[in-house]
Structures are given as structure tokens and as C-alpha cells.
Amino acid sequence: LAWGVPLALLAVTPAGAAPAAKKHVSTPSRKAPVPAEDGVWKVTVTPDPDAAGKGEKAFEDTLMLHRGKFSSSACAPHGFPAADYKVEAGLWSANPESPREGKAHWHAEVSGDAIAGKLVWTKSDGTVLNYSFTGSRARAAATQTQKSH
């Protein structure tokens, strides 16, 4: 021990022989599992009857959930930035705020490659609009294959 050599090496190394080099054992890398909600989602957002009565129309949207951030491509032009999202009891939720358009509360459940949820938009003037949305995970590989043919 005076030379800093572990006792185990002294016990198994013959006198005068150099200790054997340690073999590096490769362990498979363990990446953190990708959360079920993580990805790009193509959805159809549909107003409830009250919102439709106020002139709201259904629209197509692309939602992105990645590394705890949520964004909506249809809402970005209205000043809604990317926002943090959280997951509780299998539902994710996000609350982006626009300085000019008010607050949006998105929440949904993901089941495999399907998504379904609700959007509540509280406009700056206090008007509350309710929507539901459904859709599926976007397939980047399929889209690239279709573009290349």
C-alpha cells in the first residue's frame, strides 16, 4: 500500500510480473426514454358550438413538444411564443401567453401515435373560446421519402 498498489493486485500478480492491463468492458449506452408526448403532431382544432357561434372556424395546426417546450405553428403568428409544458397523470399541459391576444391553455393525452385534447383561449378582452383537437404524430421519414420520389 505504500506505493499506492491495491492489495488485490498484489495478491494475484506473480512476483516480478507487471499487472495485467485492465480490460474495458463496453456497456450499452442507456439514453433516457423519449417521453410519449415528445414530437411533432399534425392536428385539427375544432371550436365548440359557442365559439363557432362567435365566428371561430376549425383550423389545421402543427404542435411541437420537445424537451419540455410546447409550440403551436398556428398560434405563433398571433404572438404566442413557445412555452414550458408539464405532464401530470398522463396529460400534458402548456400555457403560452400573447401580449396582444391573451392566454391559451392547451392540454392533451397521447396514446401511441394519436393525440386528443382541448384548447381554452382567453382573449385579452376576457372572451373565452373553447376548442377540441385530435391528430397524429407527424412522420418525418415518410415525408422525406415522399419528397424524394
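Please refer to the structure placed before this passage.
Notes on the structure in this doc start here. None of these values were measured; they are calculated from a predicted model. (Residues numbered from 1 in each chain as written. Predicted model: local features only at pLDDT ≥ 70, side-chain atom pairs only at ≥ 80, totals over all residues. Heavy atoms only, no water.)

Here we take up the pattern of salt bridges. Considering all chains together, one arrives at four salt bridges under this definition. Between Glu 88 and Lys 86 there is a salt bridge, with the nearest N and O atoms lying 3.5 Å from each other. On the basis of relative accessible area, Glu 88 is assigned to the partly exposed category, the value being 49%. Residue Lys 86 is classed as partly exposed on the basis of its relative accessible area, which comes to 46%. Two residues, Arg 137 and Asp 113, come together in a salt bridge whose shortest N-O distance is 2.8 Å. (Salt bridge = Lys/Arg side-chain N within 4 Å of Asp/Glu carboxyl O. Buried < 20%, exposed > 50% of the residue type's maximum accessible area, 1.4 Å probe, protein only.)

Take the pairing of strand S8 (residues 114-122) next. The two faces of S8 differ: Ile 115, Gly 117, Leu 119 and Trp 121 on one face are buried, but Ala 114, Ala 116, Lys 118, Val 120 and Thr 122 on the other face are not. Two elements, strand S7 (residues 102-111) and S8, share nine bridges in a ladder whose sense is antiparallel. Within S8, the position partnered with Lys 103 by the bridge is Thr 122. Hairpin connection from S7 to S8: two residues lie between these consecutive antiparallel strands, with Gly 112 at a positive phi of about 65°. Counting the residues in the hairpin turn of S8 and strand S9 (residues 128-137) gives five residues, including Gly 126, whose phi is positive at 95°. (Helix = DSSP H or I, 4+ residues; strand = E, 2+ residues; numbered from the N terminus. Pairing = 2+ DSSP bridges.)

Spatial relationships are all this shows, so hold off on functional conclusions.
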